[in-house]
Amino acid sequence: MTATAALLAFTLAAAILTVTPGLDNALVLRTAAVEGGRRALMAGLGISAGCLLWGTIAALGLGSLLAVSTFAYDTLRICAAIYLFYLGVKLLWSTRPSRKTANQTSGILAAAQRPGTTGTGWFVRGCLTNALNPKVGVFYITFLPQFIPAGTDVLRFSLLLATVHALVGMLWFALLVAATRPLARWLSRPAVTRGLDRVTGAVFIAFGLRLALERR
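Structural notes, computed from the coordinates. (Residues numbered from 1 in each chain as written. Predicted model: local features only at pLDDT ≥ 70, side-chain atom pairs only at ≥ 80, totals over all residues. Heavy atoms only, no water.)

Taken as a whole, the largest pocket spans an internal volume of roughly 700 Å³. Surrounding the largest pocket, 25 residues form its lining, L17, L23, D24, N130 and V136 being those nearest its centre. At the level of elements, α1 (3-19), α2 (23-35), α3 (37-59), α7 (119-131), α8 (134-143), α9 (154-180) and α11 (190-213) are the ones that each hand at least two residues to the lining of the largest pocket. Take the lining of the largest pocket: its biggest share by element is four residues, from α9. For the lining of the largest pocket, a count of residues per class yields 12 nonpolar, 10 polar and three charged. (1 Å grid on protein atoms, 1.4 Å probe; cavity = no way out; pocket = protein on both sides within 12 Å on 5 of 7 lines; lining within 4 Å. Points joined across faces, edges and corners; volume = space filled by probe spheres on them. Helix = DSSP H or I, 4+ residues; strand = E, 2+ residues; numbered from the N terminus. Nonpolar A, V, L, I, M, F, W, Y, C, P; charged D, E, K, R; others polar.)

Here is the structure:
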């Protein structure tokens, strides 16, 4: 397989994996709907940064520790579960009936006024959801080598593939954000934003519990 063929095949595979419904898409869609496109794109950028981090770790050969060490895998798995559970509970807590928003006429404005929901904050959250997920690490360890042609620089080509995955992800996240714009007025209603937060919070908790209860 030539380098060009490998790159094209990986791009197609990365695109299919990216558009598959999952935690990353839920995070970006919820942020776009409730807090606006800029924060959603920052969350997507954080997710892509997490992919690049795991790609770099895998390229350097450090990720193989997850494959051979049950302790390392379980430690990272529990940390990820706790973090996802924390995010889910925080979203659900923000929708409790007694909560008073700063501005009832605009859900997006009210969300923007909440502490801890800056663009930087969403970048960090997006990055941590991937960086703490051992499944992403194992994916890179097992998936990337299949697309590295013989005779190429393994480190450089692995980093190239990780970069392609990150770029494909950002393109998809931009499309998701754009898709929410025609519905911005409806999505900004307080009742709708509370519903989205409840659904997304439940999804985060479900993913966290799934990680916590997983057995290798």
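Summed over all chains, the structure comprises six aromatic pairs. Plain terms: the ring middles of F10 and F147 are 5.5 Å apart, the flat faces sit at 75 degrees to each other, and that makes the pair edge-to-face. With F10 in helix α1 and F147 in the loop between α8 and α9, this pair connects stretches of sequence that are 137 residues apart. Take F10 and F147: they sit in the same class, and that class is buried. Feature note: the residues F10, F139, Y140, F143 and F147 constitute an aromatic cluster, connected by ring pairs. Directly above the aromatic system of W122 lies the positively charged group of R125, at a separation of 4.5 Å from the ring centroid. (Phe/Tyr/Trp six-rings, centres within 6.5 Å; stacked < 30°, edge-to-face > 60°. Buried < 20%, exposed > 50% of the residue type's maximum accessible area, 1.4 Å probe, protein only. Lys NZ or Arg CZ within 6 Å of the ring centre and 35° of its normal.)

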